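# Survey of secondary and tertiary structure
The primary structure of each chain is shown beneath.
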Amino acid sequence: MKEFAYRVARPALAHFPGHHRSRRGDSGHEFRAHVPLHDAPDVRRLDLHASLRDPLGQWLVRVASERKAVPVYAVADLSASMAFQGERRKLDVLADFTEALAWSAWRTGDAFGFVGCDEAVRRDWLLPLVRSQGVGSAFARRLRAFAPAGRNADGLKDAHRLLRRERSLVFLLSDFHLPLPALDAVLGSLAHHELVPVLLWDRAEFAQPGEGPNAAGLPGGIGLASRIGRLASLVDAETGQRRLLWLRPALRERWRRQLEARRGALDALFRRHRLRPLYLLDGFDADAVTAHFHR
């Protein structure tokens, strides 16, 4: 089973004991502060030196924070574009990530939950927080057998309603091909949590038609290649609409510039929300996820 190490940037606020630093508890191993004896009545932690220096003459005890658990969620885009297959099918990569995340959360002592969305939140793809060793494998098998048909991922904007109110670690898993205003609303709705956008991309989906699978997920050119262009059949992966395009050199250049502009616009949006996105190209890489949290 692939496993990766994650961590939260801010102290955990949960009450369950676990792996992560917190500002709660008073009998842990990480010194937090001195407090008066009547606020933490345990003479075993009495600090005589600090008490003698206290201007109010109080008896002071040392308080040490305890390690706590955090809720961990996968919020996943299950719209039709996730069926794209290049090096690997995106939904299979999502399944690999979900399986590894659930296993890593269990190994860390955290609870794991899953929220799947397409045009709305999918009630058949909800998993409340659980602490179970095998839940990730069972969920991954379902994802690998799933054939998504949703025409968009609008349900992501309501995913926050299914999460715990306490701050959680949330992995937002998608190809992020939704409109920027909609994505901005999704990121804003999850701002209360520690959010990690995970972009599941395949290099083949950005190849120009005629050079491999195109951005919509279909084979590229279908003939009539010449110096002046190529006739290509393109299909929108979300809606299924098909159209023919004559790919002139100028159109190819515009295609390339728009791809670069889209990547720049996504990065700018993530910076505005103070997020560090994780780009996974051509499959799941547990070491890349670990490196994301330790750089």
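The preceding data block contains the structure.
Let us look at the structure shown here.

## Focus: the environment of Arg-142
- Structurally, the position occupied by Arg-142 is in helix α3 (residues 135-144).
- Residue classification places Arg-142 among the partly exposed residues on the basis of a relative accessible area of 37%.
- Arg-142 sits 47 residues away from Ala-95 along the chain, and the two C-alpha atoms are 8.3 Å apart.
- Non-local contacts of Arg-142, meaning those with residues more than four positions away in its chain, are made with Asp-124 and Trp-125.

## Things to note about the packing of helix α2 (residues 90-108) against α3
- In the contact formed by α2 and α3, the axes pass within 8 Å of each other and the chain directions differ by 175°. Compared by their axis directions, α2 and α3 come out roughly antiparallel. Contacts between α2 and α3 involve Leu-91, Asp-92, Leu-94, Ala-95, Asp-96, Thr-98, Glu-99 and Ala-102 from the first element and Val-135, Gly-136, Ser-137, Phe-139, Ala-140, Leu-143 and Arg-144 from the second.
- Looking at the contact of α2 with α3 residue by residue, the classes come out as 8 nonpolar, 3 polar and 4 charged.

## Focus on the sheet that holds strand β6 (residues 121-130)
- The 6 strands are arranged β6-β5-β4-β7-β8-β11 in an open sheet whose pairing can be described as mixed. Looking at which strands have only one partner, the edges of the open sheet turn out to be β6 and β11 (278-281). For this sheet, the mean angle separating the axes of adjacent strands, direction not counted, is 15°.
- As paired strands, strand β5 (residues 112-117) and β6 are joined by 4 bridges and run antiparallel to one another. Across the sheet, residue Phe-114 finds its bridge partner in β6, namely Leu-127.
- Against the sheet, α2 touches β4 (72-77), β5, β7 (169-174), β8 (194-201) and β11, its axis set at about 175° to β4.
- Taken strand by strand, helix α6 (residues 286-293) contacts β7, β8 and β11, and its axis lies near 165° from that of β11.

## Things to note about the pairing of β5
- In terms of residue burial, β5 counts as a mostly covered element, since 6 of its 6 residues are buried.
- Here β5 shows two buried faces, one formed by Phe-112, Phe-114 and Gly-116 and the other by Gly-113, Val-115 and Cys-117.
- Summarising the sheet, β4 and β5 pair through 6 bridges and their orientation is parallel. Considered in β5, the bridge of Val-75 is made with Val-115.
- In this view, the connection linking β4 to its parallel neighbour β5 by way of α2 has right-handed handedness.
- Connecting the antiparallel pair β5 and β6 is a turn made up of 3 residues.

What counts, and where the lines are drawn
Residues numbered from 1 in each chain as written. Predicted model: local features only at pLDDT ≥ 70, side-chain atom pairs only at ≥ 80, totals over all residues. Heavy atoms only, no water. Helix = DSSP H or I, 4+ residues; strand = E, 2+ residues; numbered from the N terminus. Buried < 20%, exposed > 50% of the residue type's maximum accessible area, 1.4 Å probe, protein only. Contact = heavy atoms within 4.5 Å. Axes fitted to C-alpha atoms, helices over the stretch in contact; angles between N-to-C directions. Parallel < 35°, antiparallel > 145°, perpendicular 65-115°, else oblique. Nonpolar A, V, L, I, M, F, W, Y, C, P; charged D, E, K, R; others polar. Pairing = 2+ DSSP bridges. Right-handed = clockwise from strand over helix to strand, strands pointing away.

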